[in-house]
Amino acid sequence: MPEQKIKISPSLLACDFSRLGEEIRAIVTAGADMIHCDIMDGHFVPNITFGPPVVAKLRSHCSVPLDVHLMIERPEDYVENFVDAGADIITFQVEATRHPHRLIRRIQELGCKAGIVLNPGTPETAITYLADMVDMVLVMSVNPGFGGQAFIPEMLEKIAKIRAMIGERDLEVDGGIDENVAPAVVKAGANVLVAGSYIFSHHSYQEAVQLLKAAGNGRD
Ligand code: DX5
Ligand code: ZN
């Protein structure tokens, strides 16, 4: 595969929510290519975060793309609200809907990019007939619901298989990404890295973002 620039999508889950506007500005200044918004409903995952009104406020505070990751049941009921709020790409969990094919089309018809997410236990074959439609595939490298979990190394093989399925489309990886695992994740085929706790606990957001971007430099 030709050299591709690595994009970094910091996950707000690990930021200081009491200073959301400041955190967004700092992370964009640090070089974030997108902002990863983790939407949790307390049903699909055992945690609750935020919804469309907060995404709409984020939209008015930054110009980089908003990468909205839905970890919710019945995502089809909410995509319109997230598009209206200003999402640039919406990814939903393939396990959360009976009609993923229909939902990809629906999101795209609404003028938004659509991506599909696989939990660690979901095989790549779950998206065989969706791979050519989506704008991005997101491989979860932890079980969704919480930040700060350890990267699951078995996901490297799945990342490589999905890269072989999707050609040049974006392949995002989310969960447990830091400067140590990022090179292997990129080598396996990822070109978009989500990182929450690594970036927001780093003394310099800019250095953290640069260290993750540098993960692509050693690729052969
Ligand atoms: C997990 C979320 C992730 C998470 C990543 O359910 O989808 O985006 O916030 O956090 P870290 O980078 O800390 O694993
Ligand atoms: Zn996420």
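Residues numbered from 1 in each chain as written. Chains lettered and ligands numbered in written order. Predicted model: local features only at pLDDT ≥ 70, side-chain atom pairs only at ≥ 80, totals over all residues. Heavy atoms only, no water.

## Quick look at helix α1 (residues 20–29)
Buried residues of α1: L20, E23, I24 and I27, and no others. Seen along its axis, α1 keeps its buried residues to an arc of 100°; they face one direction. Lining the buried residues of α1 we find β1 (7–10), β2 (35–40), α2 (52–59), α7 (197–200) and α8 (205–213). Immediately beyond the C-terminal end of α1, within one or two residues, lies G31, with a positive phi of roughly 110°. (Buried < 20%, exposed > 50% of the residue type's maximum accessible area, 1.4 Å probe, protein only. Helix = DSSP H or I, 4+ residues; strand = E, 2+ residues; numbered from the N terminus. Arc of directions from axis to C-beta. Contact = heavy atoms within 4.5 Å.)

## Observations regarding unusual backbone geometry
Even without a glycine there, the phi angle at R74 is positive, about 45°. Among the secondary structure elements, R74 is positioned in the loop between β3 (66–71) and α3 (79–85).

## Re the pairing of strand β4 (residues 89–93)
Burial analysis of β4 places 5 of its 5 residues in the buried class, the great majority of the element. With burial as the criterion, each face of β4 is covered, one bearing I89, T91 and Q93 and the other bearing I90 and F92. Examined bridge by bridge, β3 and β4 share 4 bridges and lie parallel to one another. Of the residues in β4, the one forming a bridge with V68 is I90. A crossover links β3 with its parallel partner β4, the connecting element being α3, and its sense is right-handed. Here β4 runs beside strand β5 (residues 113–118); their pairing, made up of 5 bridges, is parallel. If you follow T91 over to β5, its bridge partner there is G115. Each parallel crossover has a hand, and for β4 linked through helix α4 (residues 100–109) to β5 it is right-handed. (Pairing = 2+ DSSP bridges. Right-handed = clockwise from strand over helix to strand, strands pointing away.)

## As for the coordination of the zinc ion (ligand 2)
With distances of 2.1 to 2.3 Å, the protein atoms coordinating the zinc ion (ligand 2) are H36 (NE2), D38 (OD), H69 (ND1) and D174 (OD). Because the angles between the 6 donor atoms bound to the zinc ion (ligand 2) fall within 69 to 168°, the donor set is best described as octahedral. (Donors = N, O, S within 2.8 Å, 3.2 Å for Na, K, Ca; no water. Tetrahedral: all angles 85-135°; square planar, octahedral: opposite > 155°, others 65-115°.)

## Examining the site of ligand 1
The full set close to ligand 1 counts 20 residues, and D38, G145, D174, G196 and S197 are the nearest of them. At 3.0 Å, a side-chain N or O of S11 approaches an oxygen atom of ligand 1. Within the contact set of ligand 1, an oxygen atom lies 3.4 Å away from a side-chain nitrogen or oxygen of H36. When ligand 1 is considered free in solution it has 380 Å² of accessible area, and contact with the protein chains removes 99% of it. The set of elements that each furnish at least two residues to the shell around ligand 1 consists of β2, β3 and β8 (192–195). When the residues that make up the shell around ligand 1 are grouped by side-chain class, the tally is 8 nonpolar, 10 polar and 2 charged. (Near = heavy atom within 4 Å. Polar contact = N/O pair within 3.5 Å; in protein donor to acceptor, adjacent residues only side chain to side chain. Areas by Shrake-Rupley, 256 points an atom, 1.4 Å probe, with all protein chains shown as cover. Nonpolar A, V, L, I, M, F, W, Y, C, P; charged D, E, K, R; others polar.)

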